[in-house]
Amino acid sequence: MILTGGLKSLLPHVLRRIIRCNRLSISNTSGMAEGYKQANVVILHKSLADDFEKFCHANDGPLPLLYRSKPGDWKCPSLSSDSDIRTDCLQYRIYEHGACTGSLKSLKEYSEQLKDMVTFYLGCSFSFEKAVQNAGIPIRNVEQKCNVSMYKTAVPCYSVSTFCCNLVVTMRPIPESKLEAAVLATSELKEAHGAPIHMGDPGLLGIQDLSKPDYGDPVHLHPGDIPVFWACGVTGVEAVINCRAPLAFTHSPGCMFITDLKNDNATVRSSRKVPHVHCISQDPLHYSIVSAESAQKIKTLETLIGIDPGDRGIIHLHRQDELLKACLSISHARSVLITTGFPTHFTYEPPEENDGPPGALAIAAMLQALEKEVAIVTDQRAMNLNKKIIEDAVQLGILKRPVPLLSYQRESADSALMFLCENGNPGRPRFDHLIAIERAGMAADGNYYNARKVNIKHLVDPIDELFLAAQTIPGIATTGVGDGGNELGMGKVKDAVKKHIKNGDVIACDVEADFTVVAGVSNWGGYAIACALYILSTCEIHDRYLRKAVGFPQLSKKMVWLSALPSVTKEEKLLKALVRHRVRSGKTASLEMEVDGLPFYNTHSLMIEKLL
């Protein structure tokens, strides 16, 4: 028997001959024939071949198709000069009606049946190992002399006819400092599954225990390692099982077919297309990916909304990339809860200012277009006003449908938990992300203050409690949008508020959000979030990461997303509707109400034009 030493440097045709002669004492091909492509193998009856090929094209992350043979063709001339698929994998599995009925070293005894069968050669992540190592990143399973870990996930693939299954992934521990390098090293190697589809907590993929892989061996993480997951060709094995074909063959997971094709260095990409990695959550740990081009656009939005029309010193509250990270987090969310409402105009009924609701509805409109669940929570005393504004927004075409309107009151110690989670179970949150925009925030003394230090606690429901409770519930992220430091979520920058904002030592909000978006006027922050979500949705790199490289790109929905963006016309109509529902001493409020000393409508029109 030939041992493993030196196998990584042997040429593929030599390795195939050794495998053919059954002279290897190894259990997988990871680390062998460095720099050459390896392939997963699926062999099906010719009557199923067309549907399986469509299944591969529909899920090209896990199933990049390298070659499809003709029925009964045991060779693959475009992949190798001298090969026989019946003998050139280390080990095979046989499936009958969806059940694995055995493992084989050779398929020669099935030569007659193979005459009516088609072989599919599918890309494998073993092919990118050399590129990863060249980037200075360790391959832990090679170090530990074991197979890579493979897991079934809860992510459904796009189904075609009888082929339907959940995605299978490989996991490789990557040092946190090397995450972006790992993405860069693999993103252009699309025939080897390309960039990772998830980085962080395995539970977000439905994987409960990393020590118990469904295929392969457990691979141990070193201190500082992050579990990183790539789409895996063993997804094809799961598809074979579920289609329950009378007879099918696959490679045994980890026992790949080694081709003669070199893993060519990735083509030189535009710097705009370089993927960037950002941490968007610590509990559960979660990283996201976005292109450099899209990230820069969002950073430009962040700069635009940072203009300080009231000259209040908000530049000191700014935290770099908060808009980008907030919107990356929101883009991963399934259900979003928005809150707004800041009572400041006491001669009006209700006393809400115009800043907040338009930005909240701009966010809600984009979330609806992105097919996310969205609801709004506000003060009980302002429910009627907000109900009318939402109805008007639907009639004006700003919203596709009414947004559920909720209120919150503290009735017991666990009221916030019961509101946010099904039956108060922290493991079943109703919302993934909470957004506060121009929402009065609780100060350190438990009161709520406007910019002039007037205590407005009697007008504010304790919605802050939802943000405080979210800090204790894994999987709920929070964003605060504000323009003065006394808004809900601004507790993250309270020290800067106390130091640089007038009356900041009294009015500073004490409640933190995970992400703090600071704008010259809070509505601008809402418009920027809507625009940034559009940018992320049209980013191919981010779209692929969101859908886990299964199914088709979502760019066909671009026109729907585009129509949901805020516009000067939309906001003019919405503002007119908003002021129509507020009265001052029996008279309708003015559209030209001032915010921070500037005409509200003119200020917002100019900013929308800049953002778009």
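Positions within a chain are numbered from 1, following the residues in the order the chain's sequence is written. With pLDDT at 70 or above as the cut-off, local features in this predicted model cover only qualifying residues; side-chain atom pairs require 80 or more to be listed or tallied, and sums for whole chains, interfaces and linings still use all residues. Water and hydrogen atoms were dropped before computing side-chain values, which therefore reflect all heavy atoms in the structure.

If you look the protein up in an unreviewed UniProt entry, it shows as D-glutamate cyclase, mitochondrial from Mesembrinibis cayennensis. UniProt positions are given in the numbering used here, feature names are shortened, and annotations may be inferred rather than shown by experiment. Under the Sequence similarities (unreviewed entry) heading, UniProt states for the protein: "Belongs to the D-glutamate cyclase family." In the Subcellular location (unreviewed entry) part of its UniProt record, the protein is described as follows: "Mitochondrion matrix".

Asker: What's the story with the packing of aromatic side chains in this structure? I'm lost.
Answerer: For any pair of aromatic rings, geometry is given as the distance between the ring centres together with the angle between the planes. Pairing of aromatic rings covers Phe, Tyr and Trp, the last through its six-membered ring, and needs centres within 6.5 Å; plane angles under 30 degrees mean stacked, over 60 mean edge-to-face, and all others mean tilted. Applying the stated criterion across every chain yields a total of 11 aromatic pairs. A ring pair is formed by F128 and W230, whose centres lie 5.0 Å apart and whose planes are at 45°; its orientation type is tilted. In this pair, F128 is assigned in the loop between β5 (117-123) and α4 (129-134) and W230 in strand β10 (residues 225-231), connecting sequence segments 102 residues apart. Pair check on accessibility: F128 and W230 agree, each one buried. Ring geometry for Y408 and F419: centres 5.6 Å apart, planes at 80°, overall edge-to-face. Comment: elements are numbered from the N terminus, with helices defined as DSSP H or I runs of at least four residues and strands as E runs of at least two. The cut-offs for exposure are 20% and 50% of the maximum accessible area for each residue type, with area from a 1.4 Å probe on protein chains only; residues under the lower value are buried, those over the upper are exposed, and the others partly exposed.

Asker: Help me out: how do you make sense of the sheet that holds strand β6 (residues 149-156) in this one?
Answerer: Note on sheets: strands pair through backbone hydrogen bonds, and any given pair is parallel or antiparallel. Pairing in this open sheet of seven strands is antiparallel, and the strands run β9-β6-β7-β10-β8-β14-β13 from one edge to the other. Edge strands, defined here as strands with exactly one partner in the open sheet, are β9 (215-216) and β13 (275-282). Paired strands, in this sense, are two strands between which DSSP finds at least two bridges. Bridging between strand β8 (residues 198-200) and strand β14 (residues 285-291) involves two bridges; their strand directions are antiparallel. Following the sheet pairing, M199 is matched in β14 by Y287.

Asker: I keep staring at the nonpolar core and nothing clicks. Help me out?
Answerer: Burial of nonpolar side chains together is a common tendency in soluble globular proteins. Residues grouped as a nonpolar core are buried Ala, Val, Leu, Ile, Met, Phe, Trp, Tyr and Cys residues, joined through side-chain atoms within 4.5 Å. Of all hydrophobic cores here, the largest spans 60 residues; its most connected members are I338 and M366. Among the elements that make up this core, the one with the highest residue count is helix α16 (residues 522-537) (11 residues). Note on contacts: a residue pair is in contact if any heavy atoms of the two residues lie within 4.5 Å. In this structure, I338 is in contact with A360, I363, A364, L367, V374, A375, I376, V377, I435 and I437, ignoring residues within four places of it in sequence. Of all hydrophobic cores here, the second largest spans 45 residues; its members include L122, C157, I197 and A248.

Asker: When you look at the pattern of salt bridges in this model, what are you seeing that I'm missing?
Answerer: Between side chains of opposite charge, a pair can form as their charged atoms come close. Basic side-chain nitrogens of Lys or Arg form a salt bridge, by our definition, when they fall within 4 Å of a carboxyl oxygen of Asp or Glu. Under the criterion given, the structure shown has 27 salt bridges. One salt bridge connects D379 with R381, and the closest N-O pair in it is separated by 3.3 Å. Connected via shared salt-bridge partners are D50, E53 and R68.

Asker: Explain the domain arrangement of the protein here, please?
Answerer: Where interface size is given, it is often the accessible area lost as the parts come together that is meant. The domain architecture assigned to the protein consists of domain 1 (8-268) and domain 2 (277-611). Where each domain starts and ends follows an automatic or database-derived domain assignment. For domain 1 and domain 2, the distance between their C-alpha centroids amounts to 44 Å. At the interface, 27 residues of domain 1 touch 14 residues of domain 2. Buried area between domain 1 and domain 2, both sides added, is near 1,700 Å², and the carbon and sulfur share of it is 64%. Once two parts are joined, some of their accessible surface, as seen by a 1.4 Å probe, is lost; buried area is that loss totalled over both.

Asker: I keep staring at the layout of surface pockets and nothing clicks. Help me out?
Answerer: Rolled over the atoms, a probe as big as a water molecule pinpoints where empty space is left. Considered as a void within the structure, the second largest pocket measures approximately 800 Å³ in volume. Going through the elements one at a time, β14, α8 (292-305), α16 and α17 (540-546) are the ones with two or more residues in the lining of the second largest pocket. If you tally residues by element for the lining of the second largest pocket, the top one is α17, at five residues. Residue composition of the lining of the second largest pocket, by class: 16 nonpolar, nine polar and 13 charged. There are two domains that each give the lining of the second largest pocket at least three residues, and those are domain 1 (8-268) and domain 2 (277-611). Definitions used throughout: a 1 Å grid over protein atoms alone; a cavity as a set of points that fits a 1.4 Å probe which cannot get out; a pocket as an open set with protein on both sides within 12 Å along at least five of seven lines; a lining residue as one with an atom within 4 Å of a point. Grid points are joined across faces, edges and corners, and a volume is the space filled by probe spheres set on the points. Three categories are distinguished: nonpolar for Ala, Val, Leu, Ile, Met, Phe, Trp, Tyr, Cys and Pro, charged for Asp, Glu, Lys and Arg, and polar for the others, with Gly belonging to the last.

Asker: Sorry if this is basic, but what is going on with the environment of Y92 here?
Answerer: With respect to the helices and strands, Y92 occurs in strand β3 (residues 92-96). A sequence separation of 461 residues divides Y92 from P553, and the C-alpha atoms of the two residues are 33 Å apart. Apart from the residues lying within four places of it in its own chain, the contact partners of Y92 are I85, R86, T87, G102, S103, L104, K105, S106, L107, T250, H251 and S252. Counting of polar contacts relies on pairs of N or O atoms within 3.5 Å, with two restrictions inside protein: one atom must be capable of donating a hydrogen and the other of accepting it, and residues adjacent in sequence are counted only when both atoms are side-chain atoms. Side-chain polar atoms of Y92 contact the backbone nitrogen of T87, separated by 3.1 Å. In this structure the side chain of Y92 is engaged in a polar contact, spanning 3.0 Å, whose partner is the backbone nitrogen of D88.

Asker: For this particular structure, what's the right way to read the environment of A192?
Answerer: Its place among the elements puts A192 in the loop between α6 (179-186) and β8. Through-space distance from the C-alpha of A192 to that of G485 is 48 Å; in sequence the pair is 293 residues apart. The contacts of A192, once residues within four sequence positions are left out, are C124, S125, S127 and F128.

Asker: So what exactly am I meant to see when it comes to the sheet that holds strand β15 (residues 335-341) here?
Answerer: Read across the sheet, six strands follow the order β18-β17-β15-β19-β20-β21 without closing on themselves; strand pairing throughout is parallel. This sheet does not close on itself; its edge strands, each paired only once, are β18 (405-407) and β21 (515-518). Ignoring strand direction, the axes of neighbouring strands in this sheet form an average angle of 25°. Pairing geometry for strand β19 (residues 433-439) and strand β20 (residues 477-482), over five bridges, is parallel. Residue pairing across strands places I435 opposite T479, the latter belonging to β20. Only C-alpha atoms enter the line fits that serve as axes; for helices the fit covers just the stretch in contact. Angles between N-to-C directions range over 0 to 180 degrees. The sheet contacts of α16 involve β19, β20 and β21, and relative to β20 the element is tilted by about 135°.

Asker: It is not clear to me how the pairing of strand β4 (residues 99-104) should be interpreted in this structure. Could you clarify?
Answerer: For β3 and β4, the ladder comprises five bridges, and the chain directions are antiparallel. Note that in β4 the partner of Y95 across the bridge is C100. Here β3 hands over to β4 after two residues, with H97 in that stretch at a positive phi of 55°.

Asker: Could you clarify how one ought to interpret the side chain of K37 in this entry?
Answerer: Within the fold, K37 resides in strand β1 (residues 36-45). A residue is classified by how much of its surface remains accessible, and K37, at 13% relative accessible area, is buried. Polar contacts involving the side chain of K37 include one to the side chain of E191, which spans 2.3 Å. Leave out the neighbours within four places in its chain, and K37 touches S127, E191, F257, I258, T259, L261, K262 and N263.

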